Amino acid sequence: MIEHAIRGGKLYWSWIALLVIIIAAGGASYYYQYQNGLTVTGMSKEVSWGLYIGNFTFLVGVAASAVIVVLPAYLYDYKKFKKVTTMGEFLGAAAVIMCMTFILVDLGRPDRVLNVVLNPRPNSVMLYDFISLSGYLLLNIVIAWTVLAYREKNKGYSTWLKILIFVAIPWAISIHTVTAFLYGGLVGRPFWNTALMAPRFLAGAFASGPSLLIISLLVMRKYTNFDPGYDAIKKIGDVVAFAMVANLFMIGAELFTVFYSAHPHHLEHFIYILFGIKEGSFVYARFVPWMWTSLILGIIAAIMLVIPKVRNEPKFLAFTCGMVFISVWMEKGMGLIVPGYIPSQWGAVVEYWPTIPESLISLGVWGIGILIFTVLAKVAIGVTLEGEKIEEEVVEEEEVVEEVEEEVVEEAKEYRCELCDAVFKSLDECCEHAEKEHKIAKASCDMACVEAAPAEKQYKCELCDAVFTDLDECCEHAEKEHKIAKASCDMVCGEVEEE
Amino acid sequence: MTGSAIATITLTASQVERVLAAFAAPAIDQQKVRWGMVIDLKKFNELPLAKRKRVYDVCKEIHNIPIFPTAKDRVEWIWPADFEHTFPSQFNHFLPEEIENLEVPVLCNHCENPPCTKVCPTGATWKRDDGIVTMDYHRCIGCRYCMAACPYGMRSFNWRDPRPFIPKLNPTYHTRTKGVVEKCTFCVERLEKGLQPACVEASEGSFIFGDLNNLESEISKILREHYSIRRKPELGTEPKLYYLI
Ligand code: SF4
Ligand code: SF4
């Protein structure tokens, strides 16, 4: 299975090389921080948590939600998600690893980190966070790996695996809730000390994690042969839409409570992030553009998401998901942590901004996560594609269209050599040919060998049974004849297979 | 196998008790010593500047507290603050000038119900039986959760190696490493020798230190006879540092 990770084309290896460079820069910066202490960061006596803990907080959300959206696939046998489940879990695992690394780089004495387990203190929320995060990492890796192994051998899931999957769902919610409690439980920090913390976290997470999942799936669709199916992506998009609206709603509820009741100790933090704090003629407003950018991006994205036509339009989806991701990253990351410290508990306003080493270290940690995800996803894609190739006739989807059950059977794939148009039954054959005839190394044979689109594909208009050879034609027909908007033409135009 | 299982269960039971204890405000035990401090702000502010400064400096000297060139890295156990920011809920715009302009020394309140010890994941900071909130610098992992939790900002982190910045090393007291949190300990090392905390000794009688559980102690009498205030009492942390105004 693991061999898929080292079989890749030029694009794959350049991507890996780029990530390794980013990680190396982060590593060097971390060495510098380790030698000189956390003074190399922008943190201070007043603001003692910053970019690292912000990223940690945000990534816990990604970790939890990337998994939760795909779990229905196991539980309810929701077939459309079949291909994305493993991706969700691997994304979750990569995110948890990033979370842990962010905590580690934030510690003053990383050499003593094991004290958390050697001298556990049951009254500290951090202990529970540690337990839930490590447990979650284990669960994800075990589940995803076993599922892949089964898929490779084309077996059904065993009972113990199903039990683990059941455990994983509440577990995912728990990592998020416990992390929210980390902040929400502090009596001395009015900015965090609200019961809305955990629900707000969950909503933000369910918007950002699935967005990232969608973006990664779209990238995979574009650059690999792996196709999770647009239907699955669309379904995840629905989750993002609901969650983003809930997230904004909760932010609104928070703002109303704070501004209408106007308790000064709550208010001052919100004044700081939204308008800045005036002292004499100077306005401390470093976070004002940050928060407004996040809010505006979030609102635009939410509006685009709630309109089904816009949400389901593949052109916009990557874009809106990107906006959601950035908006939530800003708001649930630094935007949640830093303002909790400004003004400080003794009323001093000291601002914070990450330094260059601090930013490089953070980038490096992201690099580690992305590298892990890339490699894991590569394995998953490899196994999935191989599986598709071996199986002669795979029953892909069971779609219920107007109470008529239709079975769409996917044909075995064909591969075409781009250089001489020869057609082969399997990728390996084509690769061999490319090596012999065109001197293309096997590792990069994906440059020469492409999947040949089965020519038999046809689209049928459900409303009048007219048949077209391509989807666009069918959509145009649907618009002209049946007044169905193009964006929703997938409701009428279905794929048919000719016998 | 069974033995270790039983050990685990007993361990968990005692831990459950500790969790519960951590969430409930502890009952005040009248039998034990419970150290507390009163700062008489009027008396303190009548002292000349040099003497007031001595109160802060003596702490720095005996505890090997580093003096960093950059403000953001600073480590402090006791420092001067103003009335408005120390007592935000007591402040109003018609305060007599002499109160508004008071110099208020702030230090760890040694809360009876300390939020900082509640959150520490390693037990590197805890409340002793005599009510002093103390630190184990060898156990602290530097997560700074306690700094997030203290509602008064009384904890400092060693953002960099403090040793090169100690003006004059006191060989009888320890130094800290970079990456750990520290704060005022009510001079436990001096109390063990039967001495008063250093700031109290230098304060010319404006700081009063003693056993809050002993009704006959000076501190209890003063608190009974005068109106005192504490920092953010509404948070339920029960500071054991009282101020007379
Ligand atoms: S003042 Fe702060 S550091 Fe001191 S005991 Fe109270 S919460 Fe802890
Ligand atoms: S910084 Fe040290 S004392 Fe403070 S909570 Fe973390 S381990 Fe405990």
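> Which residues make up the overall build of chain A, and what values do they have?
For chain A, the count of helices and strands is 17 helices and 10 strands. Within chain A, buried positions represent 52% of all 499 residues. For chain A, the computed accessible surface area is about 22,600 Å², with 64% contributed by carbon and sulfur atoms.

> An account of the overall build of chain B is needed here, citing residue identities and associated values.
Scanning chain B for helices and strands turns up 10 helices and 10 strands. Across the 245 residues of chain B, 53% fall into the buried class. Long-range pairs, those at least 24 residues apart, make up 65% of the contacts in chain B with a sequence separation of at least 6. Accessible surface computed for chain B: about 11,500 Å², of which carbon and sulfur atoms make up 58%.

> Explain the pattern of salt bridges to me, using residue names and the numbers behind them.
In total, this model carries 25 salt bridges over all chains according to the counting rule given. The partner of Arg230 of chain B in a salt bridge is Glu238 of chain B, with the nearest N and O atoms 3.3 Å apart. Judged by relative accessible area, which is 18%, Arg230 of chain B ranks as buried. One network of salt bridges, with partners in common, ties together Arg200, Glu254, Glu331 and Lys332 of chain A.

> Report on the site of ligand 2, specifying residues and quantitative values.
Near ligand 2 lie 13 residues; those nearest to it are Cys120, Cys140, Cys143, Arg144 and Cys146 of chain B. Tallied by class, residues from the shell around ligand 2 come to 9 nonpolar, 3 polar and 1 charged.

> Break down the nonpolar core for me, citing the residues and quoting the values.
Core analysis: the biggest nonpolar cluster contains 187 residues, and Trp49, Tyr183 and Trp192 of chain A together with Met37 of chain B have the highest contact counts within it. In terms of residue count, helix H2 (residues 51–68) of chain A provides more of this core than any other element does, 13 residues in total. Met37 of chain B has contacts with Leu107, Phe186, Cys199, Val200, Phe207, Ile208, Phe209, Ile219, Lys240, Leu241 and Tyr242 of chain B, leaving out every residue within four places of it along the chain. Among the nonpolar cores identified, the runner-up in size contains 10 residues, and Tyr459, Cys475, Ala478 and Val492 of chain A belong to it.

> Residue-level account of helix H1 (residues 10–36) of chain A, with values.
A turn of α-helix holds 3.6 residues, and therefore any two residues three or four places apart point the same way. Residue and element names in this part refer to chain A. The terminal C-alpha atoms of H1 lie 39 Å apart, and with 27 residues this matches the ideal 39 Å at 1.5 Å per residue to within 8%. Looking at H1, one finds that the buried residues are Tyr12, Ile16, Leu19, Gly26, Ser29 and Gln33. Once H1 finishes, Gly37 follows within two positions and takes phi at roughly 90 degrees, a positive value.

> Describe the packing of helix H9 (residues 230–261) of chain A against helix H11 (residues 288–306) of chain A, naming the residues involved and giving the relevant values.
Residues and elements named next belong to chain A. Between H9 and H11, whose axes approach to 9 Å, the crossing angle comes to 135 degrees. As the angle between them shows, H9 and H11 are arranged oblique. Regarding H9 and H11, the two cross each other, and that crossing is left-handed. Contact residues: Gly237, Val240, Ala241, Met244, Val245, Leu248 and Ile251 in H9; Leu295, Gly298, Ile299, Ala302, Leu305 and Val306 in H11. Residues of the contact of H9 with H11, tallied by class, amount to 11 nonpolar, 2 polar and no charged.

> Let's hear about the interface of chain B and chain A: which residues, and what values?
Opposite the 48 residues of chain B that make contact, chain A presents 42 residues. Summing both sides of the interface, chain B and chain A together bury roughly 3,800 Å²; the carbon and sulfur share of this comes to 53%. If you sort the residues of chain B by the area they bury against chain A, Ile141, Tyr145 and Trp159 of chain B come out on top, with a joint share of 18%. One salt bridge connects Asp106 of chain A with Arg144 of chain B, and the closest N-O pair in it is separated by 2.6 Å. Across the chain B-chain A interface, the total number found is 31 residue pairs in polar contact (both at pLDDT 80 or more). Put simply, the parts of the chain that give the side of chain B that touches chain A at least two residues each are helix H1 (2–23), helix H6 (115–119), helix H7 (145–149) and strand S6 (156–157) of chain B. Along the lines of polarity and charge, the residues of the side of chain B that touches chain A split into 24 nonpolar, 11 polar and 13 charged.

> Describe the side chain of Arg155 of chain B, with residues and values.
Mapped onto the elements, Arg155 of chain B comes out in the loop between H7 and S6. At 2.7 Å, the side chain of Arg155 of chain B forms a polar contact with the side chain of Thr125 of chain B. Those residues in contact with Arg155 of chain B, other than ones at most four positions away along the chain, are Lys45 of chain A together with Cys116, Thr125, Val133, Met135, Cys146, Met147, Cys150, Val181, Glu182 and Lys183 of chain B.

> With reference to specific residues and values, describe the sheet that holds strand S1 (residues 35–40) of chain B.
All names here are of chain B. With mixed pairing, the 4 strands of this open sheet are ordered in space as S8-S1-S10-S9. Since the sheet does not close on itself, it has two edges, and those belong to strand S8 (207–211) and strand S9 (228–229), each with one partner. For S1 and strand S10 (residues 241–244), the ladder comprises 4 bridges, and the chain directions are parallel. Its bridge partner being in S10, Ile39 is matched across the sheet by Tyr243. Across the sheet, helix H10 (residues 218–225) touches S1, S8, S9 and S10, and the angle it forms with S8 is around 115 degrees.

> Requested: an account of unusual backbone geometry, with residues and values cited.
Residues and elements named next belong to chain A. The peptide bond linking Ile342 to Pro343 adopts the cis configuration, its omega dihedral lying at -5 degrees. Structurally, Pro343 is set in the loop between helix H14 (334–337) and helix H15 (356–390). You will see that Ala262, though not glycine, has its phi angle at about 55 degrees, which is positive. Examined against the element boundaries, Ala262 turns out to sit in the loop between H9 and helix H10 (264–274).

> How would you sum up the site of ligand 1? Please name residues and give values.
Within the structure, ligand 1 sits among 13 residues, and Cys108, Asn109, Cys111, Cys116 and Cys150 of chain B are positioned closest to it. Split by residue class, the shell around ligand 1 holds 9 nonpolar, 2 polar and 2 charged.

> Quick one: what's the story with a nonpolar patch on the surface, residue by residue and with numbers?
Residues and elements named next belong to chain A. On the surface, a cluster of nonpolar side chains totalling about 550 Å² of accessible area is made up of Leu114, Val117, Leu118, Tyr128, Phe130 and Ile131. Every element with two or more residues in the nonpolar patch is listed here: helix H5 (115–118) and helix H6 (125–153). It is H6 that provides the largest number of residues to the nonpolar patch, a total of 3 residues. On the basis of relative accessibility, which here comes to 44%, the residue Ile131 falls in the partly exposed class.

> Describe the confidence of the model for chain A, naming the residues involved and giving the relevant values.
With 89% of its residues at a pLDDT of 70 or more, chain A shows a mean pLDDT of 83. Between residues 392–411 of chain A, whose pLDDT stays under 50, and residues either more than four places distant or in other chains, the model counts 27 contacts.

> I'd love a proper account of a negative patch on the surface, names of residues and values included.
Residue and element names in this part refer to chain B. Together, Asp82, Glu84, Glu97, Glu98 and Glu100 make up a negatively charged patch on the protein surface. Sort the elements by how many residues they give to the negative patch and helix H5 (residues 97–100) lands first, with 3 residues. Here Glu98 is to be found in helix H5.

> Which residues make up the packing of H2 of chain A against helix H7 (residues 159–184) of chain A, and what values do they have?
To characterise two packed helices, one gives the angle between the axes of the helices and the distance between these axes. Residue and element names in this part refer to chain A. Contact pair H2 / H7: the axes reach a minimum separation of 8 Å and the direction vectors enclose 160 degrees. With respect to their mutual orientation, H2 and H7 come out roughly antiparallel. Note that H2 runs across H7; the crossing there is left-handed. Contacts between H2 and H7 pair Ile53, Phe56, Thr57, Val60, Gly61, Ala63, Ala64 and Ile68 from the former with Ile169, Ala172, Ile173, Ile175, His176, Thr179, Leu182 and Tyr183 from the latter. Broken down by class, the residue content of the contact of H2 with H7 amounts to 12 nonpolar, 4 polar and no charged.

Reading guide: rules and limits
Residues numbered from 1 in each chain as written. Chains lettered and ligands numbered in written order. Predicted model: local features only at pLDDT ≥ 70, side-chain atom pairs only at ≥ 80, totals over all residues. Heavy atoms only, no water. Helix = DSSP H or I, 4+ residues; strand = E, 2+ residues; numbered from the N terminus. Buried < 20%, exposed > 50% of the residue type's maximum accessible area, 1.4 Å probe, protein only. Areas by Shrake-Rupley, 256 points an atom, 1.4 Å probe, with all protein chains shown as cover. Contact = heavy atoms within 4.5 Å. Salt bridge = Lys/Arg side-chain N within 4 Å of Asp/Glu carboxyl O. Near = heavy atom within 4 Å. Nonpolar A, V, L, I, M, F, W, Y, C, P; charged D, E, K, R; others polar. Core = buried A, V, L, I, M, F, W, Y, C linked by side-chain atoms within 4.5 Å. Expected span 1.5 Å × (residues − 1). Axes fitted to C-alpha atoms, helices over the stretch in contact; angles between N-to-C directions. Parallel < 35°, antiparallel > 145°, perpendicular 65-115°, else oblique. Left-handed = near helix turned anticlockwise from the far one by under 90°. Buried area = accessible area lost by both parts, 1.4 Å probe. Polar contact = N/O pair within 3.5 Å; in protein donor to acceptor, adjacent residues only side chain to side chain. Pairing = 2+ DSSP bridges. Patch = residues over 30% accessible without salt bridge, like charges linked within 9 Å, V, L, I, M, F, W, Y side chains within 5 Å. pLDDT = per-residue confidence, 0-100. Lys, Arg positive; Asp, Glu negative; His and termini not counted. Charge placed at Lys NZ, Arg CZ, Asp CG, Glu CD.

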